[in-house]
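# Observations on the three-dimensional arrangement
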2 protein chains.
Amino acid sequence: MPSRHVWIGRKAMCGEAHAHRCKSCRYVSKAAVNTQADYDYDRPLMKTQVPGPRSKELTKQMGQIQNNTAINFFCNYEESRGNFLVDVDGNRMLDVYTQIASIPIGYNHPALLKVVSDPNNASAFVNRPALGILPPESFVDKLTEGLLTVAPKGLNRVQNMACGSCSNENAYKAMFIWYRNKERGTSIPSDADLSSCMINQLSILSFSGAFHGRTMGCLATTHSKPIHKLDVPSFDWPIAPFPRLQYPLDEHVRENAQEEARCLEETEDLIVKWRHKGMPVAGVVIEPIQAEGGDNHASAAFFISLRKIASKHGCAFHVDEVQTGGGATGRFWAHEHWGAEDPADIVSFSKKLLTGGFFYRDEMETDKPYRIFNTWMGDPSKNLLLAEVLNVIRQENLLAEVTRTGKALLGGLYELQAKYPNLLSRARGQGTFCAIDVCKASVRDKLILQARDNGVILGGCGDLSIRFRPALIFKEHHVHMFLNVFSDLLAAHK
Amino acid sequence: MPSRHVWIGRKAMCGEAHAHRCKSCRYVSKAAVNTQADYDYDRPLMKTQVPGPRSKELTKQMGQIQNNTAINFFCNYEESRGNFLVDVDGNRMLDVYTQIASIPIGYNHPALLKVVSDPNNASAFVNRPALGILPPESFVDKLTEGLLTVAPKGLNRVQNMACGSCSNENAYKAMFIWYRNKERGTSIPSDADLSSCMINQLSILSFSGAFHGRTMGCLATTHSKPIHKLDVPSFDWPIAPFPRLQYPLDEHVRENAQEEARCLEETEDLIVKWRHKGMPVAGVVIEPIQAEGGDNHASAAFFISLRKIASKHGCAFHVDEVQTGGGATGRFWAHEHWGAEDPADIVSFSKKLLTGGFFYRDEMETDKPYRIFNTWMGDPSKNLLLAEVLNVIRQENLLAEVTRTGKALLGGLYELQAKYPNLLSRARGQGTFCAIDVCKASVRDKLILQARDNGVILGGCGDLSIRFRPALIFKEHHVHMFLNVFSDLLAAHK
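Residues numbered from 1 in each chain as written. Chains lettered and ligands numbered in written order. Predicted model: local features only at pLDDT ≥ 70, side-chain atom pairs only at ≥ 80, totals over all residues. Heavy atoms only, no water.

What follows is about the overall build of chain A. The number of helices and strands found in chain A is 16 helices and 14 strands. Relative to the compact-globule value of 23 Å for 494 residues, chain A shows a C-alpha radius of gyration of 23 Å, a close match. Counting only C-alpha atoms and orienting by the principal axes, one finds that chain A spans roughly 75 × 60 × 50 Å. Counting over 494 residues, chain A shows a buried share of 68%. (Helix = DSSP H or I, 4+ residues; strand = E, 2+ residues; numbered from the N terminus. Rg over C-alpha atoms; globule rule 2.2 N^0.38 Å. Buried < 20%, exposed > 50% of the residue type's maximum accessible area, 1.4 Å probe, protein only.)

In this section: empty space enclosed by the protein. One pass over the full model with this rule turns up eleven cavities of 30 Å³ or more. Here the largest cavity is characterised by a volume of approximately 180 Å³. Looking at the largest cavity, it is lined by 23 residues, and the ones nearest its centre are A:Gln159, A:Thr366, A:Ile372, A:Met377 and B:Asn67. (1 Å grid on protein atoms, 1.4 Å probe; cavity = no way out; pocket = protein on both sides within 12 Å on 5 of 7 lines; lining within 4 Å. Points joined across faces, edges and corners; volume = space filled by probe spheres on them.)

Time to look at the nonpolar core. A:Val284 and B:Val284 are the most contacted members of the largest nonpolar core, which totals 239 residues. The contacts of A:Val284, once residues within four sequence positions are left out, are A:Leu205, A:Phe207, A:Ile271, A:Leu306, A:Ala310, A:Cys315, A:Ala316, A:Phe317 and A:His318. (Core = buried A, V, L, I, M, F, W, Y, C linked by side-chain atoms within 4.5 Å. Contact = heavy atoms within 4.5 Å.)

Our focus in this paragraph is the relation of the copies chain A and chain B. When chain A is brought onto chain B, the operation consists of a screw motion whose angular component is 180° and whose axial shift is 0.0 Å, with 0.0 Å RMSD remaining. What we have between these two chains is a two-fold relation. A share of 100% of the interface residues of chain A reappears at the interface of chain B, consistent with the copies meeting face to face through the same patch. (Least-squares fit on C-alpha atoms with pLDDT ≥ 70 in both.)

Residue and element names in this part refer to chain A. Along its sequence, chain A is carved into domain 1 (10–17 + 38–95 + 398–492) and domain 2 (121–393). On a C-alpha basis, the centroid separation for the pair domain 1 and domain 2 is 29 Å. Across the contact, 22 residues belong to domain 1 and 25 residues belong to domain 2. Summing the contributions of domain 1 and of domain 2, the shared interface buries around 1900 Å²; its carbon and sulfur component is 56%. Together, Arg 426, Gln 430 and Phe 433 form the three largest contributors to the area buried by domain 1 at its contact with domain 2, with a combined 33%. (Domains from an automatic or database assignment. Buried area = accessible area lost by both parts, 1.4 Å probe.)

All names here are of chain A. Of all five residues that make up strand 4 (residues 203–207), five are buried, and the element is covered over most of its length. The side-chain alternation of strand 4 yields two buried faces, one formed by Ser 203, Leu 205 and Phe 207 and the other by Ile 204 and Ser 206. As paired elements, strand 4 and strand 6 (residues 281–286) share three bridges and run parallel to each other. Counted as the bridge partner of Ile 204 is Gly 283 from strand 6. As defined by bridge partners, strand 4 adjoins strand 5 (residues 239–240) across two bridges and the pair is classed as parallel. Within strand 5, the residue paired with Ser 206 across the bridge is Ile 239. (Pairing = 2+ DSSP bridges.)

Quick look at the sheet that holds strand 1 (residues 84–86) of chain A now. Residues and elements named next belong to chain A. As summarised here, the arrangement of the three strands in space is 1-2-12, forming an open sheet in which the pairing is mixed. Here the strands that pair on one side only, and so sit at the sheet edges, are strand 1 and strand 12 (456–457). Sheet analysis places strand 2 (residues 92–95) next to strand 12, joined by two bridges and oriented parallel. From the neighbouring strand, Leu 94 faces strand 12, where its bridge partner is Val 456. Strand contacts of helix 16 (residues 476–492): strand 1, strand 2 and strand 12, with the helix running at about 110° to strand 2, the strand carrying the most contacts. (Axes fitted to C-alpha atoms, helices over the stretch in contact; angles between N-to-C directions.)

Now for the pairing of strand 10 (residues 424–430) of chain B. Residue and element names in this part refer to chain B. Across five bridges, strand 10 lies against strand 11 (residues 433–438) in antiparallel orientation. Following the sheet pairing, Arg 428 is matched in strand 11 by Ala 435. Turn length for the strand 10-strand 11 hairpin, with the two strands adjacent in sequence and antiparallel, is two residues, and the turn residue Gly 431 shows positive phi of about 60°.

Further remarks concern the packing of helix 14 (residues 398–419) of chain B against helix 16 (residues 476–492) of chain B. All names here are of chain B. It is the contact of helix 14 with helix 16, at a shortest axis distance of 9 Å, that shows an interaxial angle of 15°. Here helix 14 is positioned roughly parallel relative to helix 16, judged by the angle of their axes. Note that helix 14 runs across helix 16; the crossing there is right-handed. Across from Arg 404, Thr 405, Ala 408, Leu 409, Gly 412, Leu 413 and Leu 416 in helix 14, the residues of helix 16 making contact are Glu 476, Val 479, Phe 482, Leu 483, Phe 486, Ser 487 and Leu 490. Residue composition of the contact of helix 14 with helix 16, grouped by class: nine nonpolar, three polar and two charged. (Parallel < 35°, antiparallel > 145°, perpendicular 65-115°, else oblique. Left-handed = near helix turned anticlockwise from the far one by under 90°. Nonpolar A, V, L, I, M, F, W, Y, C, P; charged D, E, K, R; others polar.)

The next subject is helix 14 of chain B. Residues and elements named next belong to chain B. Helix length check: helix 14, at 22 residues, gives a terminal C-alpha distance of 31 Å against a target of 32 Å (1.5 Å per residue), a fit within 8%. For helix 14, every residue scored as buried is listed here: Leu 398, Glu 401, Val 402, Thr 405, Gly 406, Ala 408, Leu 409, Leu 410, Gly 412, Leu 413, Leu 416 and Gln 417. The secondary structure elements touched by the buried residues of helix 14 are helix 13 (380–395), strand 10, strand 11, strand 14 (465–468) and helix 16. (Expected span 1.5 Å × (residues − 1).)

Now for the environment of A:Thr366. Secondary-structure assignment places A:Thr366 in the loop between strand 9 (356–360) and helix 13 (380–395). Excluding anything up to four places from it in sequence, A:Thr366 contacts A:Ile177, A:Arg371, A:Ile372 and B:Asn67. Side chain to side chain, A:Thr366 and A:Glu365 meet in a polar contact 3.5 Å long. (Polar contact = N/O pair within 3.5 Å; in protein donor to acceptor, adjacent residues only side chain to side chain.)

This part covers the interface of chain A and chain B. Put simply, an interface is often sized by how much accessible area is lost when its parts join up. Contacts between the two partners involve 110 residues from chain A and, on the opposite side, 111 residues from chain B. In total, about 10000 Å² of surface goes out of reach between chain A and chain B, with carbon and sulfur atoms giving 62% of it. Between chain A and chain B we count eight salt bridges in total. A salt bridge links A:Asp231 to B:Arg184; the shortest N-O distance between them is 2.5 Å. In this assembly, chain A and chain B are joined by 55 residue pairs in polar contact (both at pLDDT 80 or more). (Salt bridge = Lys/Arg side-chain N within 4 Å of Asp/Glu carboxyl O.)

All names here are of chain B. Per the counting criterion, the structure on display carries zero disulfides over all chains. Cys 434 takes part in no disulfide bond, and the closest cysteine sulfur, belonging to Cys 461, lies 11 Å away. Cys 439 forms no disulfide, and the closest cysteine sulfur to it belongs to Cys 461, at a distance of 16 Å. (Disulfide = S-S within 2.5 Å.)

With that settled, consider helix 15 (residues 441–453) of chain A. Residues and elements named next belong to chain A. With 13 residues, helix 15 ought to run about 18 Å at 1.5 Å a step, and its terminal C-alpha atoms sit 19 Å apart, in line with that. Within helix 15, burial applies to Val 443, Arg 444, Leu 447, Ile 448, Ala 451, Arg 452 and Asp 453. Buried positions along helix 15 lie against strand 2, strand 11 (433–438), strand 12, strand 13 (459–461), strand 14 (465–468) and helix 16. Phi turns positive one or two residues past the end of helix 15, at Gly 455, with a value near 95°.

Residue and element names in this part refer to chain B. Counted under the stated rule, the structure contains 56 salt bridges over all chains. The salt bridge partner of Glu 145 is Lys 142, with a shortest N-O separation of 3.7 Å. On the criterion of helical spacing, the pair formed by Glu 145 and Lys 142 is a turn pair, its members being three residues apart in helix 6 (residues 139–145). Residue classification places Glu 145 among the partly exposed residues on the basis of a relative accessible area of 45%. Judged by relative accessible area, Lys 142 falls into the partly exposed class, the value being 22%. Where Lys 277 meets Asp 236, a salt bridge forms, and the shortest distance between an N and an O atom there is 3.1 Å. Here Lys 277, found in the loop between helix 11 (253–276) and strand 6 (281–286), pairs with Asp 236, found in the loop between helix 10 (226–229) and strand 5 (239–240); they are 41 residues apart in sequence, far enough to count as distant. On the accessibility criterion, Lys 277 (42% relative accessible area) is partly exposed. Owing to a relative accessible area of 39%, Asp 236 belongs among the partly exposed residues under this scheme.

Our next topic: unusual backbone geometry. Residues and elements named next belong to chain A. Each neighbour pair has its own omega, and for Val 50 with Pro 51 the value is 0°, a cis peptide bond. Mapping Pro 51 onto the fold places it in the loop between helix 1 (10–14) and helix 2 (53–63). Located in the positive-phi region is Asp 295, a residue other than glycine, with phi close to 50°. The topology assignment puts Asp 295 in the loop between strand 6 and helix 12 (300–312).

So, on to the sheet that holds strand 7 (residues 316–320) of chain B. What the seven strands build is an open sheet, ordered 3-9-8-7-6-4-5 (chain B); its pairing is mixed. The outermost strands of the open sheet, each flanked by one partner alone, are strand 3 (157–161) and strand 5 of chain B.

What follows is about the packing of helix 15 of chain A against helix 16 of chain A. Residue and element names in this part refer to chain A. Following both chains from N to C, one finds helix 15 and helix 16 inclined at 130°, their axes separated by 10 Å at the closest point. Here helix 15 lies oblique to helix 16, going by the angle between them. By crossing handedness, the relation of helix 15 to helix 16 is classed as right-handed. Judged by residue contacts, Leu 447, Gln 450 and Ala 451 of helix 15 engage Val 485, Phe 486, Leu 489 and Leu 490 from helix 16. Grouping the constituent residues of the contact of helix 15 with helix 16 by class yields six nonpolar, one polar and no charged.

Spelled out as structure tokens, the structure:
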């Protein structure tokens, strides 16, 4: 099929305002079939530095209302399309970060706009129900046609929630309840149980560098940056070491296996130790790729062994796919790459799935009403949008597309780190869920800002990493747009 | 202005199917000006018992997917209007519970449907931003025209969040951060602070019978029912006694003042005790009316004294208005009834405000980015709807209406408890935020189910209470519909 983007010149990529910076055109897309050509933009277009004057003014105003220190810039979402985010100063940027990995199929996707404009759906947007007691007629069907079509292996049940943190909080609660019922041998608590809730102490084992959210239960398992936890009371729960691997993984198999074996051994020791302390581990929680903590990978063998250790000690195994889930690794769930028969007891999600929640095994079902509960328990209007996102993923075969695009992206990163070994290292990724390390945090931060001024939005993670989190409609020619901008910045770096 | 509802007959109220049960017509609305006559129904209409066959079938199907034991019935939200919720079996019920107090201006309000159908708003529904880093252009205006117009006295700032639990979790975090920075005398943490997050221990003081949510930080301050907390690890935080008052409040001033003095004294003792334990109280959290815990009221003097005790000991004072906020007490915030100059440091909200969040004092602002943060931090599409809800409240003068309707409701409850002193007691309320106690939990539960079969949806709270949580568009003639149904049930009670 012919593409409208067989040749992408540097001028077209950076926008007129920055065209004078463009020196060469090394990365040229050959195969990109731009199925979203009808609604996506074809290139960045920069008019000011970012943030521009209008963003600066609005940020100042926002400072009168709430903390404004994390604001990057203000956006014109109406004008944003596909892979391109437009800001309030008219700058149009290729978005390789997508609202912290939470825009699945790009901005203003026609299929989603149709969901909103359909008068039959209006009620879902204005009458938010208390889903746990008064669900809408269509909700069973929406779950069946939507979330349940992507249920992880062995997990037949799904609990809808509103966001990533409350999904994890409630997944933890489900594990605590399951663990205690298992211990009791009955789901009927004793009077002593009921009157001494404070005394029942259980724990969740998490990993160094993990990020599972910022509400207090989640925060007790989050260890990516001290500023997230500073001053907030926490639980005395075990923290196991996450393997620190060398990349590319297939060139360091022996050393990496040793590192993983060490981490597994320490994990098992901690489970035993915390049981002896009287705070048994009800669940082990882990990300398939530690995202916020710096895109740390581990092998399929590591996760499968960890899952076995959890089972051996009677702990539930919770895979947190809030950032990894939804297709960016080339599979719908990152844990599918493990090829495990029995990958998890609980899998939590949010972000690209537009609604939060967790899948779980039959035996993790709570025994009584109101144990896993809150007023809203999600938002059916998000399930409407999600069902459409899943349709688009299937119709446009986006998981295969992500795999193809991801190869181009990772290949480009390998080339750059070979060319700039003093600047870049540890290129890694699955699908388009990629990252690369920069020699120093200050250089990393500067490169991200420079890329933005040249029309490409990137995000940082961990101490030294740049993370790539494009939408699932990010194609090879978008990879090339990014690589061209980034390689110029590296060439110019002093 | 003439009303279409000057005379509401019992036949009209209960629906044809139950008309044979209607014996009399004592409560007749005289003054109701039914401004929502154009979209509201005029009466319940019952076709089956509730849940009917279709609801039962769907509930069974839901049981294959998730815990279904709290489901009351399935709803046809498309057909629901104003104060009437329609179920999937075609039953139309007067809704005096409104999705656990979270529907502000009734179902399918034309003003809200207009927001959704306006093509200019479509982008807000399909492009959910990471608000903390990339807010939409209109967000400052939406906050200014929306939430900030109802900012509690002295609280100039507002942090948007997604739901009640995450609003409270983040309000607690804001108080922890504020407290430690105050202790340090600087916002710059020491290296020891940064490396020893686990060791920093602070507490939140809450009250017996309180409900502040179910995520783990909130849950540590929730004490309404053991089943909410069972098996879930918690913090060793102080729990003060909430006054157990006699009603009507104005007939028991002396005894109630004694009870409140006792509770204040114990509260102050606990603050001192926890400081000595090395877990100082960073914040005191309280509901203006304990809702989930059984509609427990306290006097304005109690809250004002409590606020002073908190300030005296350097603790922040957090008023949780998640259930009470949004107008149902006849003021926008229940704490306005205190008449305090300086009511709170933090006020949290959700439910009727459609979005979560908390207002806070300037000095409670966090000092750095990413301390109060998550991916979504709310949802701008909810702010669009909220702005319209606030317009309707103003245009239709709904707070005054709620006050008028509430008087009719509470008056009716007083009459009923005078007539059935062995069945009913402790009628109480502010605006339409009313409750009454039933002699036994089993009788309470039975009355709620019978009322539902007769076309009126009520909710329980605490051990023995029925709580009334109608929308702000609930008028006197709706009160009379409810009273007629309820008084027949009481008359028939054996």
